[in-house]
Amino acid sequence: MKRKIGSLTGLRFVFVTLLFLHHLDMFSDLAIEGYDEIMSYFVEGSISVDFFFILSGFVVSYAYLSKMEDREISSPTFLAYRLCKLYPLYLITWIGAVLIYSGKEYLLGNLCSPQFLVGLFMLQSYVPVDGFAFWGNGAAWSVSTELFFYAAFVCLVRLSRKERTNVFLFLLGIVLLNSFVVGNETPVANWLYYIDPVFRLLDFMAGMLLYEWWAAMKLGPTNQPTNQPTNQPTNQPTNQPTN
């Protein structure tokens, strides 16, 4: 079992706190005096999502990349591990959020709705239509996108490091080209840049590449001299008599 990286735990705490504070804007409707001014300091807290997607790529690579490359873990086994870890808690919190926010009647009245069904199977991130990604438990879309990352990971591990870098650069080019040519004014711009699993794969792959760089720096040979004793004879004078 690989050891935990303590510094990443500290970073998680920082970015979880920022994300939590960012989502407190839900109370803005209460019209509390001065509340909006306070929340303006946390308006960029959503950048924490980028951090966690990058961190996911790093941590998943740290735990599974070498094992999958060496065929110690198969792709179906990896996906089963991740799904078993994600889905039970996802389902409890997703349904619980609907009950808390909207009540039992709302949930029962939407059991056959498209929004409920795509959310049930963690597919809400794939629908570029308002009312899907944030239906029920709005934060759950990130888990739907994360599931796509895991499916992509089993394909990416089959590539060489150079090939993975090329895929990352190609995807980066697509995102930048779309930004300059299409722009941010299209009806699906918010979904495309913030939710779309394909565009957000860029974050996950950045984490994978950061891990490979970190592993090469940490595990590679060093150029530090070693002070090991040698067994070579020394030219010390001897007090032997001469003839």
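What counts and how
- Residues numbered from 1 in each chain as written.
- Predicted model: local features only at pLDDT ≥ 70, side-chain atom pairs only at ≥ 80, totals over all residues.
- Heavy atoms only, no water.
- Helix = DSSP H or I, 4+ residues; strand = E, 2+ residues; numbered from the N terminus.
- Buried < 20%, exposed > 50% of the residue type's maximum accessible area, 1.4 Å probe, protein only.
- Contact = heavy atoms within 4.5 Å.
- Salt bridge = Lys/Arg side-chain N within 4 Å of Asp/Glu carboxyl O.
- pLDDT = per-residue confidence, 0-100.

**Q** How should the overall build of the protein be read in this particular structure?
**A** Scanning the protein for helices and strands turns up ten helices and zero strands. Ordered by position in the sequence, the α and β elements of the protein form the string α-α-α-α-α-α-α-α-α-α. Here the protein, with 243 residues, has 35% of them falling under the buried criterion. Residue pairs at least 24 apart in sequence account for 70% of intrachain contacts in the protein once pairs closer than 6 positions are excluded.

**Q** Where do I start with the pattern of salt bridges in this structure?
**A** Per the counting criterion, the structure on display carries four salt bridges. Two residues, Arg164 and Glu69, come together in a salt bridge whose shortest N-O distance is 3.3 Å. Highlighted residues: Arg164 in helix H8 (residues 161-181) and Glu69 in helix H3 (residues 47-69), separated in sequence by 95 residues. Owing to a relative accessible area of 37%, Glu69 belongs among the partly exposed residues under this scheme. Of the charged contacts in the structure, one is a salt bridge between Arg200 and Asp203, with a shortest N-O distance of 2.9 Å. One end of the pair is Arg200 and the other is Asp203, both in helix H10 (residues 197-219) and three residues apart, which spans about a single turn. Assessed through its relative accessible area of 13%, Asp203 is described here as buried. Overlapping salt bridges, with partners in common, bring together Asp50, Arg200 and Asp203 in one network.

**Q** So what exactly am I meant to see when it comes to unusual backbone geometry here?
**A** Leave glycine aside and you will find that most residues have negative phi; peptide bonds, for their part, are mostly trans. You will see that Arg71, though not glycine, has its phi angle at about 65 degrees, which is positive. Note that Arg71 resides in the loop between H3 and helix H4 (75-102). On the basis of relative accessibility, which here comes to 66%, the residue Arg71 falls in the exposed class. Notably, Met122 is not glycine yet its phi reads approximately 55 degrees, a positive angle. Summarising the element assignment, Met122 is placed in the loop between helix H6 (114-120) and helix H7 (141-156). For Met122, a relative accessible area of 1% gives the class buried.

**Q** Please clarify how the confidence of the model for the protein should be interpreted in this entry.
**A** In low-pLDDT segments, the atomic positions of the prediction should not be examined closely. Averaged over the protein, the pLDDT score is 80; the fraction of residues at 70 or greater is 79%. Per-element confidence in the protein ranges from a low mean pLDDT of 64 for helix H2 (residues 35-39) to a high of 94 for H7. Every residue in residues 220-226 is under pLDDT 50, and counting partners more than four places away or in other chains gives one contact.

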